[in-house]
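Observations on the model geometry
Chain residues, written in single-letter form:
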2 protein chains.
Amino acid sequence: MRLSKAFIPTLKEVPSDAVIPSHILMVRSGMVRMLSAGIYSFLPLGYKVIKKISDIIREEMDAIGGQEFHLPALNPKEIWEATNRVEAFGDTMFHVKNREYVLAPTHEEIMTYHAKGVLKSYKDLPQIWYQIQTKFRNEPRPRSGVIRGRQFLMKDAYSFDASLEGLDESYELHDKAYRKIFDRCGLDYFVVGASSGAMGGSKSEEFMVKSEAGEDTVAYCSSCGFAANVEVAPSKIERISRQNESKEIYEISTPNVKSIDELCEFLKINERETAKSRVYIHNGQPVLILMSGNDEVNETKLGSILGGEVRPGHQEELKEITGADAGSIGPIGFKHRIIADLRLKDGNNLFSGANKNDYHIGGIDLQRDVPNLEYADLRIVESGENCSNCSNTIEVFKAIELGHIFKLGTKYSEGLGAMFLDENSKENPIIMGSYGIGVERVLACFIEQNNDENGIIWKKPLSPFDVHLIGLNMKKEIVVEACESIFNELSENKFDVIFDDRTNVQAGFKFSDADLLGMPIQIIVGERRLKENQVELKIRATGERINVGINELSSKIKELLK
Amino acid sequence: MRLSKAFIPTLKEVPSDAVIPSHILMVRSGMVRMLSAGIYSFLPLGYKVIKKISDIIREEMDAIGGQEFHLPALNPKEIWEATNRVEAFGDTMFHVKNREYVLAPTHEEIMTYHAKGVLKSYKDLPQIWYQIQTKFRNEPRPRSGVIRGRQFLMKDAYSFDASLEGLDESYELHDKAYRKIFDRCGLDYFVVGASSGAMGGSKSEEFMVKSEAGEDTVAYCSSCGFAANVEVAPSKIERISRQNESKEIYEISTPNVKSIDELCEFLKINERETAKSRVYIHNGQPVLILMSGNDEVNETKLGSILGGEVRPGHQEELKEITGADAGSIGPIGFKHRIIADLRLKDGNNLFSGANKNDYHIGGIDLQRDVPNLEYADLRIVESGENCSNCSNTIEVFKAIELGHIFKLGTKYSEGLGAMFLDENSKENPIIMGSYGIGVERVLACFIEQNNDENGIIWKKPLSPFDVHLIGLNMKKEIVVEACESIFNELSENKFDVIFDDRTNVQAGFKFSDADLLGMPIQIIVGERRLKENQVELKIRATGERINVGINELSSKIKELLK
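Residues numbered from 1 in each chain as written. Chains lettered and ligands numbered in written order. Predicted model: local features only at pLDDT ≥ 70, side-chain atom pairs only at ≥ 80, totals over all residues.

Thoughts on the overall build of chain A
Along chain A, the regular secondary structure elements total 16 helices and 31 strands. If you line up chain A on its principal axes, its C-alpha atoms span 95 × 70 × 45 Å. Buried positions account for 46% of the 562 residues belonging to chain A. (Helix = DSSP H or I, 4+ residues; strand = E, 2+ residues; numbered from the N terminus. Buried ≥ 20, exposed ≤ 12 C-beta atoms within 10 Å, placed from the backbone.)

See the structure below:
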């Protein structure tokens, strides 16, 4: 491809709405243009990479026996009503005005619809069906370029099995295929929520990359690879120390002291000497949650411990239940269930609210003073804590989900009546899994992980071109001739070359475009070196420059691209 | 691919809603399934062919310098308002409920939007941009399977030029690419509305195939290749003969005679002795159109001859203007403009209405009795007439549009302000062309042209598989072993094989599935021939059967697929 004819509109300026590197660089390198918030057009350079990613995905999906479908984006609303998902998606689902259609945000329903009555027997199973197709979601706050958009390309796959063991196998196949896909794409990723390997159930795994643009917060241990969403990541922090001697409890007047920080400041004590109280309403009954200092209650953990319906109490409820406002509540005298975070286990000489505004109580011994106290892991894990798996240090950061594999079970097959006959001619709902990859996210995340201040740094598998050939002064015949001959030779040798043949552009501009576009190898063709029958190669990743004889060029490039 | 694991749900029955062969066969062979009226899901076999067609299109578009984009289906409504196309499309355009989006029925606007401000100089031109992407149109009467649907895959391309000569070149490139694409796909097509080759303007060509499912009616000459939509096809029919002697005009009482047929019956005359009168209102003024016998007025031709606003007169208007009802109107005594079809040129001794109910007039000499009479080609061409180009016989039939190439000019660049600076630094709107191919239509039309009573007859380029390998009795070890070894050998030799390895299916069923699915070559592996180290090949297109030694199988298949 000749740059003089190609439509690769590079930009020097950082686009005003772009914050993260991938978004900035995809716009600056002319890979995409925004059409509307969360809606991007792929220009030729960007779409070339999308096709490469899609091909890798296809190869690995085909390798596990996946069969490629292509389902419509326009879906009759009634099919989605059969599984109550019109309601579940709410305004996130786009509805069409002129007919009773929705725009599919995913395709569990439609795949199940096609399975129904066709996958009739256990002999027709297992099946793995996939597609690479555009999804539509009315994302309220689209951002980070193509990472969170209102329409996006997704590889979605669905498995259909006759048994939970079969589902386990289909799930494992996808797990392996996903690792191969992300490995081949050159991504540095980790896996969150690893399946226990236990049979069936509703296990899921997310394939993620670290990124400030992420919407999830993850606890990750680089030593053992353990990773979990902070919503569920177990905390393995040291308990507060129990002092040898427990003081008696005593009331302290603490006017206007409402937060833990104010209490510590007022009493000149350490955060770990305090127990913060939060009141939740669980199935209509109050529960007091005690946390150490400023530790936050992890409401996901709390929810799964309590089960049922859990919500924070409102201001008026707190007053009615405890007699005090939020900043002055405590375990002493609280008449209902109390659960303390494990970090507080058997703590003594603690300060907490007095259930009376402007008063706190000191000298609390949880063993002695809080009968029937329960303990549970209720903390939100923080960076620097010990890994619950290997005891090395854990890091907490934001992450982007690249892919998700999920044991669905029978929700959709039951909802839509997709049944099969087992060996005993008994009718059962088909057991399903679903498996997604955000295709544009693979591209964006690769760039997030492979860039420098000058631009993108492609590796061979996703690089839009193998080689960026730069003719320095295209008004000199010797340069033009050498470039044309190199361009032809490399093209004949099946290298994909982008050739900067522009005559009206200065060398500096060509260099910065080449760095911005980021092909793995640049070939710089100038008059001076040509006289010695040489050209200069620049390795984009390292900046290394090598002089190579024109005759050895093809073999050298082959070697470098290995 | 093993049929036992593949999802290819073949059907014996003809689907109740399918009429034309391609629709019936695409459903019966498990290529597609309907999700809703005009909305089809592609199953693996069908999507495999779609990918092959897309690849051929890509190769030929790339060969003319096309660059592949991928534009969003969700479009901000305001961009479409800039060219007044929200109104122009009306209810054919899908609108989204939850946001001010439309679903793009085509992409002139969005391509132009991206060209604007980026293709700034004549040096940035020409450009050819294309995509293979899903379009959405709220088709009121979807039918013929994937041929007329509410969402469909289209290759749409757009050219951007600095001059009308440039547009001519871009248009020619597409014309050639389209012929290559349809040739490579093995389609029997013809081209309608051939460009005169004159510079610029708004020429267009349609690439069509003959089909009862078509929405267009076309006049086609197989001798010279001339083709035109009947709406504009010129008529080259012999004029009615002028008799040597003109009779005087005379009035005849013709009670209850209203149609030409009734008149001929009543007077025992030939249709060609009559002149039928139709009254149109042109810019508010009546015009009488005289046609020979039952010849129909071609209103498209009439419209382009008259210009301005033309419509048939209503019953009351006719009465007021002529004094008679529709069946009794005639040229004699008609006070306004009269145009006769060329077929009537200088005719005499004609019968026509008397402008008085239940009366006709005979002995009309158009030269003598109708002053200021104008003549024009106003007939709808019919099968069996002479070709206007070469005088051989023309055929009139229904046809499907596969592709369309169109010189747009500056409508969209002006509407959206996509301007470039020419050599003299003068600002001009970019000159555009647009070029479409209905991807699913290529598939459906191929099947329309390549099927028999047993199923589809694929040719190599689009065939989902090269070879259909049939193991006759897969309970016999000798058959299984031979099949596995053939399957492996052919796969290693890069043939794409579908292997009917099903153990629970009878031979007859396997044969009919193989004919239905229609791969070019069937290999039938049975016990008897295996004992002679042979298998049977069946050529799907001809039904020819050949016994081939197992050792020569690969080379024989290579030869046959050439």
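Read on for the rest.
Quick word on the packing of helix α2 (residues 44–63) of chain B against helix α6 (residues 164–184) of chain B
All names here are of chain B. Close contact between α2 and α6 brings their axes to 9 Å; oriented N to C, the two are set at 155°. Accordingly, the angle class assigned to the pair α2 and α6 is roughly antiparallel. Where α2 crosses over α6, the handedness of that crossing is right-handed. Every residue of α6 that contacts α2 at Ile-56, Ile-57, Glu-60, Met-61 and Ala-63 is listed here: Ala-177, Lys-180, Ile-181 and Arg-184. When its residues are assigned to classes, the contact of α2 with α6 shows six nonpolar, no polar and three charged. (Axes fitted to C-alpha atoms, helices over the stretch in contact; angles between N-to-C directions. Parallel < 35°, antiparallel > 145°, perpendicular 65-115°, else oblique. Left-handed = near helix turned anticlockwise from the far one by under 90°. Contact = placed C-beta atoms within 7 Å. Nonpolar A, V, L, I, M, F, W, Y, C, P; charged D, E, K, R; others polar.)

Quick word on the interface of chain A and chain B
Across the boundary between the two partners, chain A contributes 43 residues, which contact 43 residues of chain B. Listed by contribution, the elements that provide at least two residues to the side of chain A that touches chain B are β1 (32–36), β2 (39–42), α2 (44–63), β3 (67–68), β4 (74–76), β5 (94–95), α5 (108–115) and β7 (127–136) of chain A.

Regarding the relation of the copies chain A and chain B
The relation between the two chain copies is a rotation about an axis coupled with a shift along that axis. Superposing chain A onto chain B requires a rotation of 180° together with a translation of 0.1 Å along the rotation axis, leaving an RMSD of 0.3 Å. One copy is carried onto the other by what is essentially a two-fold rotation axis. A shared interface surface links the copies, since 100% of the contact residues of chain A are contact residues in chain B too. (Least-squares fit on C-alpha atoms with pLDDT ≥ 70 in both.)

Digging into the sheet that holds strand β27 (residues 467–471) of chain A
All names here are of chain A. The five strands are arranged β28-β27-β29-β30-β31 in an open sheet whose pairing can be described as mixed. Of all strands in the sheet, those with a lone pairing partner are β28 (497–500) and β31 (545–549), marking the two edges. Ignoring strand direction, the axes of neighbouring strands in this sheet form an average angle of 25°. Taken together, the five bridges between β27 and strand β29 (residues 521–525) define a ladder with parallel strand orientation. In the sheet register, Val-467 faces β29, and the bridge partner there is Ile-521. Strands β27, β28 and β29 of the sheet are contacted by helix α13 (residues 477–492), whose axis makes an angle of about 165° with β27. Across the sheet, helix α16 (residues 553–560) lies against β27, β29, β30 (534–539) and β31, angled at about 10° from β30, the strand it touches most. (Pairing = 2+ DSSP bridges.)

What about the environment of Leu416(A)?
Residue and element names in this part refer to chain A. Locating Leu-416 in the fold gives a position in helix α11 (residues 411–416). Overall, Leu-416 belongs to the buried group, with 22 C-beta atoms counted inside 10 Å. Non-local contacts of Leu-416, meaning those with residues more than four positions away in its chain, are made with Ala-82, Thr-83, Glu-109, Thr-112, Tyr-113 and Lys-116.

Quick notes on helix α13 (residues 477–492) of chain B
Residues and elements named next belong to chain B. Look at α13: 22 Å from first C-alpha to last across 16 residues, which is about the 22 Å you get at 1.5 Å a residue. Within α13, burial applies to Ala-482, Cys-483, Ile-486, Phe-487 and Leu-490. Each buried residue of α13 sits inside an arc of 135° when the element is viewed along its axis, so together they form one side. What points out from α13, more than 90 degrees from its buried face, is the exposed set Glu-477, Asn-488 and Glu-492. At its buried positions, α13 is contacted by β27 (467–471), β28 (497–500), β29 (521–525), α15 (527–530) and α16 (553–560). Of the residues one or two after α13, Lys-494 is the one with positive phi, at around 70°. (Expected span 1.5 Å × (residues − 1). Arc of directions from axis to C-beta.)

Section: the environment of Gln506(B)
Tracing the chain through its elements places Gln506(B) in the loop between β28 and α14 (507–517). Put simply, Gln506(B) and Met474(B) are 32 residues apart on the chain and 9.8 Å apart in space, counted from C-alpha to C-alpha.

A look at the pairing of strand β8 (residues 151–161) of chain A
For a regular strand, side-chain orientation follows a simple rule: the groups alternate between the two sheet faces. Residues and elements named next belong to chain A. With respect to burial, β8 is a largely interior element, eleven of its eleven residues being buried. Of the two faces of β8, both are covered, the one formed by Gln-151, Leu-153, Lys-155, Ala-157, Ser-159 and Asp-161 as well as the one formed by Phe-152, Met-154, Asp-156, Tyr-158 and Phe-160. Pairing analysis gives ten bridges linking β7 to β8, with the strands arranged antiparallel. Directly across from Trp-129, in β8, lies its bridge partner Tyr-158. For β8 and strand β24 (residues 431–438), the ladder comprises eight bridges, and the chain directions are antiparallel. Bridging from a neighbouring strand, Phe-160 pairs with Met-432 of β24.

Side note on the nonpolar core
Counting residues in hydrophobic clusters, the biggest one holds 257 residues, and the most contacted among them are Leu402(A), Leu469(A), Val525(A), Leu402(B), Leu469(B) and Val525(B). The contacts of Leu402(A), once residues within four sequence positions are left out, are Phe182(A), Tyr189(A), Phe207(A), Met208(A), Val209(A), Ile437(A), Gly438(A), Arg441(A), Val442(A) and Cys445(A). (Core = buried A, V, L, I, M, F, W, Y, C linked by C-beta atoms within 7 Å.)

Here we look at α5(A)
Within α5(A), eight of the eight residues are buried, which leaves the element mostly enclosed by the surrounding structure. Positive phi shows up at Gly117(A), right after α5(A), with a value of about 80°.

A short note on unusual backbone geometry
The linkage connecting Leu125(A) with the following residue, Pro126(A), adopts the cis geometry, with an omega of -5°. At Lys268(A), a position not held by glycine, the phi torsion is positive, near 55°. The residue Asn533(B) is not glycine, and still its phi comes out positive at about 60°. When you line up the elements, Asn533(B) lands in the loop between α15 and β30 (534–539). What makes Asn533(B) exposed here is the crowd of 11 C-beta atoms within 10 Å.

Describing the pairing of strand β14 (residues 275–282) of chain A
All names here are of chain A. Note: β14 against strand β15 (residues 285–292), eight bridges, orientation antiparallel. Bridging across to β15, Ala-275 finds its partner in Ser-292. Counted along the chain from β14 to the antiparallel partner β15, the turn is two residues long, and its residue Asn-283 has a positive phi close to 45°. Bridge analysis of β14 against strand β16 (residues 310–312) gives three bridges, and the strand direction is antiparallel. When the sheet's bridge partners are listed, Ile-281 is paired in β16 with Arg-311.

Topic: the confidence of the model for chain A
Residues and elements named next belong to chain A. On average, residues of chain A score 94 in pLDDT, and 98% of them reach the 70 mark or higher. Residue range residues 195–201 is modelled with pLDDT below 50. Its contacts to residues more than four positions away, or to other chains, number eleven contacts. On the interface metric, ipTM, the complex scores 0.90, and its pTM is 0.90. (pLDDT = per-residue confidence, 0-100.)

Quick notes on the environment of Val232(A)
Residue and element names in this part refer to chain A. With respect to the element layout, Val-232 can be found in the loop between β12 (227–229) and β13 (250–253). Assessed through the 14 C-beta atoms surrounding it within 10 Å, Val-232 is described here as partly exposed. Note: C-alpha distance between Val-232 and Val-381 (149 residues apart in sequence) is 8.9 Å. Those residues within four positions of Val-232 in sequence are excluded, and the remaining contacts are Thr-300 and Lys-301.

Let's talk about the sheet that holds strand β18 (residues 350–353) of chain B
Residues and elements named next belong to chain B. Strand order across the open sheet formed by three strands is β13-β19-β18, with antiparallel pairing between neighbours. Two strands in the sheet have a free side with no partner beyond their single neighbour: β13 (250–253) and β18. Strand-to-strand twist of the sheet, defined as the mean angle between neighbouring strand axes without regard to direction, takes the value 30°. Pairing between β18 and strand β19 (residues 359–364): three bridges, direction antiparallel. The residue of β19 that forms the bridge with Ser-352 is Ile-361.

Quick look at the packing of α2(B) against helix α12 (residues 439–449) of chain B
Each packed pair of helices is defined by two parameters, the angle between the axes and the distance between the axes. Residue and element names in this part refer to chain B. Two elements in contact, α2 and α12, have axes separated by 9 Å at closest approach and are oriented at 110°. Classified by the interaxial angle, the pair formed by α2 and α12 is roughly perpendicular. For the pair α2 and α12, the crossing hand works out as right-handed. Taken together, the residues of α12 that come into contact with α2 (itself represented by Val-49, Ile-50, Ile-53 and Ser-54) are Val-439, Val-442 and Leu-443. For the contact of α2 with α12, the per-class residue count stands at six nonpolar, one polar and no charged.

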